[in-house]
Amino acid sequence: MSVQIGNIDLGEFPLLLAPMEDVSDPPFRYVCKQNGADMMYTEFISSEGLIRDAAKSRQKLDIFEYERPIGIQIFGSDIDHMREATEIASLAGPDLMDINYGCPVKQVACRGAGASLLQDIDKMVAMTKAVVNATHLPVTVKTRLGWDDNTKNIYEVAERLQDVGIKALTIHGRTRSQMYKGVADWTLIHDIKKNPRIKIPIFGNGDIDSPEKAAEWRTQFEVDGMMIGRAAIGYPWIFREIKHYFKTGEHLDKPTIAERIEVCKTHLEKSMEWKGPRTGIFEMRRHYSNYFKGVPDFKEYRMKLVTAATVEEIMDILDQVDKKYAFEMA
């Protein structure tokens, strides 16, 4: 059976790209879509920034036809501002709206937004209802198990958010206090999925980093789909590898050095198209080490790539990498 969010058909078992700050921008989303991501989200966008018309927040609303279906994710601490931000974001033409109730970082959670709302379920429900009422689009939520080990309230959260109209829920298998440490616990996610009151799709998130784990957890926890975050950074092939493993039980060959370079170049080109050459080159620097993770003795080339100032220099360095490693890693 296909998974549905409103009128959006995501296929039998969708793989979602997580919204990650300073990562999930249009250039990164492009290479993930090319490699099999079924649905994606923007970086999370501050409701306050949208209301103030801040340039950085407005730019994050940029979406492209090839990305569909795509959701815009917003966060904030003020219910009225979240309602207004929803109206603004809906005009950008996404396929759905998503609310971030999971971000654990201090700058967000300690200002009453993100995972902080897990400490005030009544406010979370009121905010969600305001967002649902402010848009014609399906609304989804991403959250965590609870604030800490003593307040794992996701069971109540799931029921009450469904009751006010959300169309899907993604659950990261950690509490806010865990941040990204330890091992994600999907047992509560499974409990939510098995709850007979829950009719909306439930997506699991946290620690999906291999085809085997994805296949094992798909069976064990019975979720409707999976959201992948950190494992996709510098490795967008994770989506196609998981899908291939689901179908065949076999592993796809790992990307060759030529494939790594090709996707890296595409990412750079899209980055420059969207942000302009100067910013595009600068912001691409954070990705090189991930694209070539595991390549032996790569430090010299990484240092060259993160200091190169022109696209011509970067392309030349990548061509050098191709020549050196095409034989060594064949």
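To be clear, the structure that these remarks concern was listed above.
Keep in mind that this is a model prediction, so the values were computed, not measured.

Visitor: Could you give an account of the nonpolar core, with specific residues and numbers?
Guide: As a rule of thumb, nonpolar side chains are buried together in soluble globular proteins. Of all hydrophobic cores here, the largest spans 99 residues; its most connected members are Leu 169, Trp 186, Met 226, Phe 239 and Phe 292. Contacts of Trp 186, omitting those with residues within four sequence positions, involve Gly 204, Asn 205, Gly 206, Ile 208, Trp 217, Phe 221, Val 223 and Met 226. Core analysis: the next-biggest nonpolar cluster, separate from the first, contains five residues, Phe 75, Cys 103, Val 108 and Ala 113 among them.

Visitor: Hey, could you go over the packing of aromatic side chains for me, with residue numbers and the actual values?
Guide: In total, this model carries 13 aromatic pairs according to the counting rule given. Aromatic side chains Trp 186 and Trp 217 sit 4.9 Å apart centroid to centroid with 55° between the ring planes, which places their arrangement in the tilted category. A residue pair is termed long-range when its members are at least 10 positions apart, and Trp 186 in the loop between β9 (168-172) and α8 (187-194) and Trp 217 in helix α9 (residues 211-221) qualify at 31 residues. The class for Trp 186 is buried, based on a relative accessible area of 1%. Take Trp 217: its relative accessible area is 11%, and that puts it in the buried class. For the cation-ring pair, Lys 270 lies above Tyr 30, with the distance from its terminal atom to the ring centre recorded as 4.3 Å. Between the NZ or CZ atom of Lys 324 and the centre of the ring of Tyr 325, over which it lies, the distance is 5.4 Å.

Visitor: Give a detailed account of the layout of surface pockets, specifying residues and quantitative values.
Guide: Of the volumes computed, that of the largest pocket is approximately 620 Å³. For the largest pocket, the lining is made up of 31 residues, of which Pro 19, Met 20, Lys 142, Tyr 180 and Arg 230 are closest to its centre. Residue assignment for the lining of the largest pocket shows that the elements contributing at least two residues are β6 (70-75), α5 (106-109), β8 (139-144) and β11 (225-228). Of the residues forming the lining of the largest pocket, the biggest block, three residues, is contributed by β8. Per-class residue counts for the lining of the largest pocket are 15 nonpolar, nine polar and seven charged.

Visitor: So, the pairing of β11: which residues are in play, and what are the values?
Guide: Along β11, one buried face is formed by Gly 225 and Met 227 and the opposite face, lined by Met 226 and Ile 228, is buried too. Here strand β3 (residues 15-17) pairs with β11 via three bridges, running parallel. Across the sheet, the residue bridging to Leu 17 is Ile 228, located in β11. Bridge analysis of strand β10 (residues 202-205) against β11 gives three bridges, and the strand direction is parallel. Paired with Asn 205 across the strands is Met 227, a residue of β11. With α9 bridging β10 and its parallel neighbour β11, the resulting β-α-β unit is right-handed.

Basis of the calculations
- Residues numbered from 1 in each chain as written.
- Predicted model: local features only at pLDDT ≥ 70, side-chain atom pairs only at ≥ 80, totals over all residues.
- Heavy atoms only, no water.
- Core = buried A, V, L, I, M, F, W, Y, C linked by side-chain atoms within 4.5 Å.
- Buried < 20%, exposed > 50% of the residue type's maximum accessible area, 1.4 Å probe, protein only.
- Contact = heavy atoms within 4.5 Å.
- Phe/Tyr/Trp six-rings, centres within 6.5 Å; stacked < 30°, edge-to-face > 60°.
- Helix = DSSP H or I, 4+ residues; strand = E, 2+ residues; numbered from the N terminus.
- Lys NZ or Arg CZ within 6 Å of the ring centre and 35° of its normal.
- 1 Å grid on protein atoms, 1.4 Å probe; cavity = no way out; pocket = protein on both sides within 12 Å on 5 of 7 lines; lining within 4 Å.
- Points joined across faces, edges and corners; volume = space filled by probe spheres on them.
- Nonpolar A, V, L, I, M, F, W, Y, C, P; charged D, E, K, R; others polar.
- Pairing = 2+ DSSP bridges.
- Right-handed = clockwise from strand over helix to strand, strands pointing away.

The analysis is restricted to geometry; functional conclusions fall outside its scope.
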